[in-house]
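Chain by chain, the residues:
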Amino acid sequence: MTRTEIITRLCEMVADIAELREKLTDADWRLDAALKDVSVRLQMAMHDMEKGGEE
């Protein structure tokens, strides 16, 4: 898998997580927090990969 394919897949995963978070109720706040954490980590990984590609 190329760097571009990985970044594209990570973007798709972040979008999927955002969609899941929109469907949660207030009672699912723990799951929402966990999904937000995963999303942030994926975005950090994307940023690191993009930054590595520029160097």
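Residues numbered from 1 in each chain as written. Predicted model: local features only at pLDDT ≥ 70, side-chain atom pairs only at ≥ 80, totals over all residues. Heavy atoms only, no water.

### A few points about the pattern of salt bridges
Link 1 in the chain: This model, assessed by the stated rule, comprises four salt bridges.
Link 2 in the chain: When the shortest N-O distance is used, the salt bridge between Arg-9 and Glu-12 registers 3.2 Å. Of this pair, Arg-9 and Glu-12 both sit in helix α1 (residues 3-23), three residues apart, which is roughly one turn of the helix.
Link 3 in the chain: Judged by relative accessible area, Arg-9 falls into the partly exposed class, the value being 37%.
Link 4 in the chain: One salt bridge in this structure joins Glu-19 and Lys-23, with 3.5 Å as the shortest N-O distance. Of this pair, Glu-19 and Lys-23 both sit in helix α1, four residues apart, which is roughly one turn of that helix.
Link 5 in the chain: For Lys-23, a relative accessible area of 61% puts it in the exposed group. (Salt bridge = Lys/Arg side-chain N within 4 Å of Asp/Glu carboxyl O. Helix = DSSP H or I, 4+ residues; strand = E, 2+ residues; numbered from the N terminus. Buried < 20%, exposed > 50% of the residue type's maximum accessible area, 1.4 Å probe, protein only.)

### Thoughts on the nonpolar core
Link 1 in the chain: Grouped together as the largest cluster of nonpolar side chains are eight residues: Ile-7, Leu-10, Val-14, Ile-17, Leu-35, Leu-42, Met-46 and Met-49.
Link 2 in the chain: Counting residues per element, the ones that place at least two in this core are α1 and α2 (29-54).
Link 3 in the chain: Not counting residues within four places of it along the chain, the set of residues in contact with Met-49 comprises Arg-3, Ile-6, Ile-7 and Leu-10. (Core = buried A, V, L, I, M, F, W, Y, C linked by side-chain atoms within 4.5 Å. Contact = heavy atoms within 4.5 Å.)

### A closer look at the environment of Asp-16
Link 1 in the chain: Structurally, the position occupied by Asp-16 is in helix α1.
Link 2 in the chain: A relative accessible area of 42% means that Asp-16 is categorised as partly exposed.
Link 3 in the chain: It is 9.5 Å that separates the C-alpha atoms of Asp-16 and Ser-39, two residues lying 23 residues apart in sequence.

Structural measurements only, silent on function.
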